[in-house]
Amino acid sequence: MNKKLIALLALLLTLMLVLAACNSDDDSAKPADEPDKTEEDAVKEDPEEGAEEDAEQPASDDLFPVVLDNEGEAIEGGTLQVALVNDSPFQGIFAYVLYEDAYDDEIMQFASNSLFDTDGDFLLTDTGIASLTVDGDNNKATIKIREGVKWSDGEPLKVEDLIQPYLIIGHPDYAGVRYDSDFQNIVGAVEYHDGKADTISGLKKVDETTLEISFNKVSPAIYSGGDGLWGYAEPSHILKDIPVAELLEHDAIRKNPVTLGAFKFEKIVPGESVQFVRNEHYWKGQSKLDGVIVKTVPSSSAAKAIETGEYDMALSFPTSAYENIKDLENITLLGRQELYYSYLGFKLGKYDYDASLAITNEAEAKMGDKVLRQAMGYALDVEQVNEVFYFDLRERANSLIPPVFKSFYDGSLEGYNYDAEKAIKLLDDAGYKDTDGDGLRENPKGEKLSIKLAAMAGDETQEQVISYYLQNWGEVGLDVQLATGRLIEFNTFYDKVQADDPEIDVFMGAWGTGTNPSPAGLYSKTAVYNFSRYSSDALEGLLTDIDSKDALDPKFRSDKFREWQEYMADVSAVIPLQFRYELRPINNRVKNYDFGHETEIDPYEIELLADTPVK
């Protein structure tokens, strides 16, 4: 067993003893996983020292199916019981123009207002509610909706419902995060946002089923839902008369949203549960289920709840709990590569919300020296954490593009692999030295250097892994302490990061990227999600090239993605940490379920083989 593994196990054993003393009523391992859009991470109790030779072989793509095809005669109706694994209450923002985290998105999948279907390359198809035609020569796109589609309250879907989300996102009082450089690509969007126009001039109702949109430019990103194209409808007959500033807390969003999906909301217990019933107006036909109940379940009890048959499936199930469910006979374990990466972010400025711009100030930022940032990346032993705790269901990320995007992900990029000696040399050469003999480095000016890290709270194992990372930095002489003195609850964490809390120098987050590979929405100077607040002319140029007309040439776009990945690795304002495999345990009473990226079965097709989940 190598020395790093022994050190890690020793640290975890110590932490486990401390935690057991503080929680004497439950000293068992409590795996946790963090949320997606935003994100994360926690770990699982490690095998005892000496178990390295006997450990399970790492799980891989080959070990998990993506389609569930249980045989047998289905019962009539029934209610699907769904666990939403979350150690915090869900926010309950049930509108695509306003929601901000993966938990609300997971819930809304049962009642989706999506206009477009996608194929295995995440490109828009014409098999959904709407079809898309692009006129690249004239920078226009035409959206055509099917006739006869209705909202769950029986109102017909109309072109005004396609226009409504644009009027919300672009409004001066909009409180969400989706007014960005992509959205500003729509002709007239900036004028509308600045209060100089009453509507967005680039939106034209052609007839009752056809919307024409004019853009400043059209690029390949539009076929992935980029360039400012919005892929969801909002019910104008309900929302048009509600002031945009009041939408976030309005009952139309929080208590009784209407839907175009297979199910409709019936009862919402804020932060705890959502009950859906069949949407009798669903355009594809009647759901085979009577309904769905989604309940928040703590990560500490998720595996046991699946084992005892309390739930039919678990959303956001932590990969750290793989060992707890891998041999269960009452489930089928599905798995896929996730549209996800976690990262280490460095605060390099602030966001000007009045001007909708990230203002970079590297010269004044504590983390303004890119050599210091690079050294912190090399100092983290992410590889060991993945092997010991995640059964290789995670891997060290070498890029800010997940491998699922096969046309743009570059596996040859080196990334920030663990190299403590390199980290030490970088710090030494840059003048970060221990001048007072306390074992911790001062900055090149000889001043005390104390770095504040923000990381999300989870279970005991989350504390363990973050403690290990703090130890990694301590081993190269960096004094890194937790901002606020503790791990931060998920919702509060992102509130602080987004608000550029001055107590935060560095933060550990993650993104569920969505199906559009364009990085503009996360890293452009106008993107609220650009949490590091780093911007430069060179970065803006690369982002523009990736989504330019020239990028209609696949090789040009692929080359620009490569240049962008190399540039971000050098600048190191954000350092990728992990890619991960996504698990979904499904009870054996469920029939017809597809977890693949290419051919997901619509929720209305799901059936049940028994009245209650198999135990």
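Below you will find a few notes about this structure.

1. Side note on the packing of aromatic side chains
Aromatic ring pairs are described here by two measures, namely the spacing of the ring centres and the angle between the planes.
Working step 1: Under the definition given, this model contains 30 aromatic pairs.
Working step 2: For the pair W511 and F531, a centre-to-centre distance of 5.5 Å together with 25 degrees between the ring planes defines the contact as stacked. Highlighted residues: W511 in strand β18 (residues 506-512) and F531 in the loop between α14 (520-523) and α15 (537-546), separated in sequence by 20 residues. Grouping residues by exposure puts W511 and F531 together as buried.
Working step 3: Ring centres of Y523 and W564 lie 5.7 Å apart, and the angle between their planes is 50 degrees; this geometry places the pair in the tilted category. One end of the pair, Y523, is in helix α14; the other, W564, is in helix α16 (residues 554-571), with 41 residues separating them in the sequence.
Working step 4: Classification of Y523 as buried rests on a relative accessible area of 5%.

2. Some details on the pattern of salt bridges
Working step 1: Per the counting criterion, the structure on display carries 33 salt bridges.
Working step 2: Note that K140 is salt-bridged to E212, the shortest N-O span being 3.7 Å. Residue K140 is found in strand β4 (residues 140-145), and its partner E212 is found in strand β6 (residues 210-214); the two are separated by 72 residues along the sequence.
Working step 3: Classification of K140 by relative accessible area gives partly exposed; the value is 30%.
Working step 4: Judged by its relative accessible area of 18%, E212 is buried.
Working step 5: Put simply, E160 and K205 hold a salt bridge, and the shortest N to O gap is 2.8 Å. One end of the pair, E160, is in helix α3 (residues 159-169); the other, K205, is in strand β5 (residues 203-207), with 45 residues separating them in the sequence.

3. Concerning the nonpolar core
Note that soluble globular proteins tend to have their nonpolar side chains buried in a common cluster.
Working step 1: In terms of nonpolar packing, the biggest core is built from 158 residues, with L80, F276, L344, M376, Y469, W473 and W564 touching the most fellow members.
Working step 2: Per-element accounting of this core gives the leading share, six residues, to α3.
Working step 3: Listed in part, the 21 residues of the second largest apolar core include A83, A302, I306 and Y581.

4. What about the packing of helix α9 (residues 370-379) against α16?
Working step 1: Viewed as axis vectors pointing N to C, α9 and α16 meet at an angle of 100 degrees, and their least axial separation amounts to 8 Å. The angle between α9 and α16 places the two elements in the roughly perpendicular class. Judged by residue contacts, K370, R373 and Q374 of α9 engage A569, D570 and V571 from α16.

5. Topic: the packing of α15 against α16
Working step 1: One way to put it is that α15 packs onto α16 with a least axis distance of 9 Å and a crossing angle of 155 degrees. By the angle between their directions, the pair α15 and α16 is classed as roughly antiparallel. Helix-helix and strand crossings are classified by hand; for α15 and α16 the assignment is left-handed. Of α16, the residues touching α15 (which contributes A538, L539, L542, L543, D545 and I546) are F556, R557, K560, F561, E563, W564, Y567 and M568.
Working step 2: For the contact of α15 with α16, the class distribution of residues is ten nonpolar, no polar and four charged.

6. A look at a nonpolar patch on the surface
Working step 1: On the surface, L123, Y223 and L552 cluster together to form a nonpolar patch covering roughly 260 Å² of accessible area.
Working step 2: Here Y223 shows up in the loop between β6 and α5 (236-239).
Working step 3: Residue Y223 is classed as partly exposed on the basis of its relative accessible area of 37%.

7. Regarding the environment of G176
Working step 1: Along the chain, G176 falls in the loop between α3 and α4 (189-193).
Working step 2: When its relative accessible area of 17% is taken as the criterion, G176 is described as buried.
Working step 3: Note: C-alpha distance between G176 and L248 (72 residues apart in sequence) is 8.6 Å.
Working step 4: The contacts of G176, once residues within four sequence positions are left out, are L98 and E100.

Cut-offs and rules
- Residues numbered from 1 in each chain as written.
- Predicted model: local features only at pLDDT ≥ 70, side-chain atom pairs only at ≥ 80, totals over all residues.
- Heavy atoms only, no water.
- Phe/Tyr/Trp six-rings, centres within 6.5 Å; stacked < 30°, edge-to-face > 60°.
- Helix = DSSP H or I, 4+ residues; strand = E, 2+ residues; numbered from the N terminus.
- Buried < 20%, exposed > 50% of the residue type's maximum accessible area, 1.4 Å probe, protein only.
- Salt bridge = Lys/Arg side-chain N within 4 Å of Asp/Glu carboxyl O.
- Core = buried A, V, L, I, M, F, W, Y, C linked by side-chain atoms within 4.5 Å.
- Axes fitted to C-alpha atoms, helices over the stretch in contact; angles between N-to-C directions.
- Parallel < 35°, antiparallel > 145°, perpendicular 65-115°, else oblique.
- Contact = heavy atoms within 4.5 Å.
- Left-handed = near helix turned anticlockwise from the far one by under 90°.
- Nonpolar A, V, L, I, M, F, W, Y, C, P; charged D, E, K, R; others polar.
- Patch = residues over 30% accessible without salt bridge, like charges linked within 9 Å, V, L, I, M, F, W, Y side chains within 5 Å.
- Areas by Shrake-Rupley, 256 points an atom, 1.4 Å probe, with all protein chains shown as cover.

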